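# Working through the structure, step by step
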Amino acid sequence: MATPAPSAPSEPPPPLEPDEPETAREAGVRTASFSAMPGWREINVADAFAAFQKSCYAVTRRSDPSRLAISDDWLVPCEAAKQAGAAADPRRFFETNFTPVIVSGGNAFVTGYYEPEIAGCRVKSPDCAVPIYGRPDDLVKAEQPDPENPGATKPMTGRLDENGNFTLYHDRAAIDAGALAGRGLEIAYAKDYIELFFLQIQGSGRLRLPDGGVMRIGYDGQNAREYVGIGRRLRDMNALAPGEASMQGIMRWLRANPDRGRALMLENKSYIFFKELTGEGPIGAMGAPVTPEVSLAADPRFVTLGAPVFLTTRYMDESGRFQPFSKLMVAQDTGGAIKGANRFDLFWGAGERARTIAGGLSSEGTAYILLPNAAAAKLMRDMPLAALDRQGKAAL
């Protein structure tokens, strides 16, 4: 959410199989037009323009795993956005500087995340005693042998044991059992373990303090252990009825089954470390604040972080009614469960409305990625095979 902010508990599709594409280019890319984007002329794009400005120059300093563009391709639209400033015509800006492209057919799967607010405290007390840990100093990244490529190495996150050997970092069960206790890593405490568990899934949030104040905390590292979606596990166990695999449904089951629920949460070995945030926030993967209903998380192998994304989908509102959603957003975050082409996690902000919508969002949709004109032109010129989608249909 802030990322890598893992996704909301709505369940993602399975991870990529070995034979599935690893970048947007391999997934297949074709150009489209603004007129092909349903509702483009009617939607307000001013918020997306403002969000794009916040993270634009960060794109020019980043590598792009998706291979859709190079950093220099973003200099022209970034400079145009800067020169236009507050006097910009946002729709004209996007239509002048960008070309829509469709990756892997454009069929999207969409969930939501939000900035949760839970009861907490800065000083431990009998009714507020669940530790919230800052980043440990023994969490390290080092080049290690790649088990999938003999003779090669890759960066891995872990720790050095008492003999100086690199090993995996403590998982959730070990940390809950006290692996980090007594080291002064606690930045605050939560009143409720389940609420903190879901705040970790979101990756950032707010602590509502006893004096009425609010402490904002954000992502400051991860133990690099396996993320397990407990909603999927509950479905596999036939523990949830159809339609109950929302955040609210999962939390009800955990509270009704405390012993089994605690064991299930421990199956998610991933553990997030936090730091206190000040100023505007929460902060996304690009180091810029994310904007409610404008920022989204994406897999950087398939979407250039910082790219505008036109997305059509639907969500369920507070009254349980489905509402259409067509909006220009900006990919400014990532998530541990956000993997694959056209897999998106929408940021809904804070509060009960955000919690309700994000917790229940699990919808299909259609996605168009806006690339700088130069990048789109090079993509089509250099990649004639990119005009074939994954089903092998000609798209030119």
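For the structure itself, look to the data block above.
In this text the structure is predicted, and so the values were computed from the model without any measurement. (Residues numbered from 1 in each chain as written. Predicted model: local features only at pLDDT ≥ 70, side-chain atom pairs only at ≥ 80, totals over all residues. Heavy atoms only, no water.)

### Section: the sheet that holds strand 4 (residues 117–121)
For clarity, the cut-off: When DSSP finds two or more bridges between two strands, those strands count as paired. The secondary structure listing takes helices from DSSP runs of H or I that are at least 4 residues long and strands from runs of E that are at least 2 residues long, numbered from the N terminus. Note on method: axes are straight lines fitted to C-alpha atoms, helices fitted across the in-contact stretch only, with angles between N-to-C directions ranging 0 to 180 degrees.
A sheet is described by the order of its strands in space; here six strands give the open sequence 5-9-4-10-11-12, paired in mixed fashion. At either margin of the open sheet sits one strand with a lone partner, and together these are strand 5 (130–133) and strand 12 (272–277). Looking at each pair of strands side by side, their axes are set apart by 45° on average, direction ignored. Where strand 5 and strand 9 (residues 186–190) come together, four bridges link them in antiparallel fashion. If you follow Val130 over to strand 9, its bridge partner there is Ala190.

### Observations concerning the sheet that holds strand 7 (residues 153–160)
Here we have three strands laid out as an open sheet, ordered 6-7-8, and antiparallel in their pairing. The strands lining the two open edges of the sheet, one partner per strand, are strand 6 (140–145) and strand 8 (166–167). Of the pairings in the sheet, the one linking strand 7 to strand 8 comprises two bridges and is antiparallel in character. Opposite Arg159, over in strand 8, you have Thr167 as the bridge partner.

### Thoughts on unusual backbone geometry
The following threshold applies: For the exposure calls, accessible area comes from a 1.4 Å probe over protein chains only, and a residue counts as buried if that area is under 20% of its type's maximum, exposed if over 50%, partly exposed in between.
In this structure, Asn238 is a non-glycine residue whose phi angle is positive, near 55°. Here Asn238 shows up in the loop between helix 7 (230–236) and helix 8 (247–256). Note on Asn238: relative accessible area 68%, which makes it exposed. Residues other than glycine seldom take positive phi values, yet Glu293 does so here, at roughly 60°. Among the structural elements, Glu293 can be located in the loop between strand 12 and strand 13 (295–298).

### Observations concerning the packing of aromatic side chains
Selection rule: Under the pairing criterion, centres of Phe, Tyr and Trp rings, with the six-membered ring standing for Trp, must be within 6.5 Å; the plane angle then separates stacked pairs below 30 degrees from edge-to-face pairs above 60, leaving the rest tilted.
With the rule as written, the count across this model stands at 20 aromatic pairs. Consider the rings of Tyr169 and Phe273, whose centres lie 6.2 Å apart with planes at 90°: the pair is edge-to-face. One end of the pair, Tyr169, is in the loop between strand 8 and helix 5 (172–176); the other, Phe273, is in strand 12, and 104 residues separate them in sequence. Here Tyr169 falls in the buried class, since its relative accessible area comes to 1%. The class of Phe273 is buried, set by a relative accessible area of 0%. Ring geometry for Tyr271 and Phe273: centres 5.6 Å apart, planes at 50°, overall tilted. A single burial state applies to Tyr271 and to Phe273, both of which are buried.

### As for the state of the cysteines
Rules: The disulfide definition used here is simple: a pair of cysteine sulfur atoms within 2.5 Å.
As enumerated under the stated definition, the model contains two disulfides in all. A disulfide bridge connects Cys56 with Cys78, and the sulfur atoms are separated by 1.7 Å. Residues Cys56 and Cys78 are joined by a disulfide whose S-S torsion is about -100°; by sign, that bridge is left-handed. Residue Cys56 is located in helix 2 (residues 46–59), and its partner Cys78 is located in helix 3 (residues 75–84); the two are separated by 22 residues in the primary sequence. The exposure class assigned to Cys56 is buried, which follows from its relative accessible area of 2%. Between the sulfur atoms of Cys121 and its disulfide mate Cys128 the distance is 2.1 Å. Between Cys121 and Cys128, the disulfide has an S-S torsion of -115° and is therefore left-handed. Cys128 shares its class with Cys121; the two are buried. For the protein chain, the bonded cysteines pair up as 1-2, 3-4 when numbered in the order they occur along the sequence.

### Focus on helix 9 (residues 258–267)
Counted only if it meets this: To be clear, the arc concerns the directions from the helix axis to the C-beta atoms. Contacts are residue-level and defined by heavy atoms, with any inter-residue pair within 4.5 Å sufficient.
Looking only at helix 9, the buried set comprises Gly261, Leu264 and Met265. On an axial view of helix 9, the arc spanned by its buried residues comes to 100°, and they lie on one face. For helix 9, exposure combined with an orientation more than 90 degrees from the buried face picks out Asp259 and Arg260. Looking at the buried residues of helix 9, the elements they touch are helix 5, helix 6 (193–202), helix 7 and helix 8.

### Let's talk about the pattern of salt bridges
Short version of the rule: By definition, a salt bridge exists where a carboxyl oxygen of Asp or Glu is found within 4 Å of a side-chain nitrogen of Lys or Arg.
Within this structure, the stated rule accounts for 18 salt bridges. Of the charged contacts, one joins Glu95 and Arg41 as a salt bridge, the two residues approaching to 2.6 Å between their closest N and O atoms. With Glu95 in helix 4 (residues 90–97) and Arg41 in the loop between strand 1 (29–31) and helix 2, this residue pair connects regions lying 54 residues apart in the sequence. On the basis of relative accessible area, Glu95 is assigned to the partly exposed category, the value being 31%. Taking the relative accessible area as the measure of exposure, Arg41 reaches 51% and is therefore exposed. One salt bridge in this structure joins Arg262 and Asp176, with 4.0 Å as the shortest N-O distance. Of this pair, Arg262 sits in helix 9 while Asp176 is found in helix 5, placing the two residues 86 residues apart along the sequence. Assessed through its relative accessible area of 36%, Arg262 is described here as partly exposed. For Asp176, a relative accessible area of 28% gives the class partly exposed. Taken together, the shared-partner salt bridges connect Asp192, Glu195, Arg255 and Arg355 into one network.

Shape is all these values report; function is a separate question.
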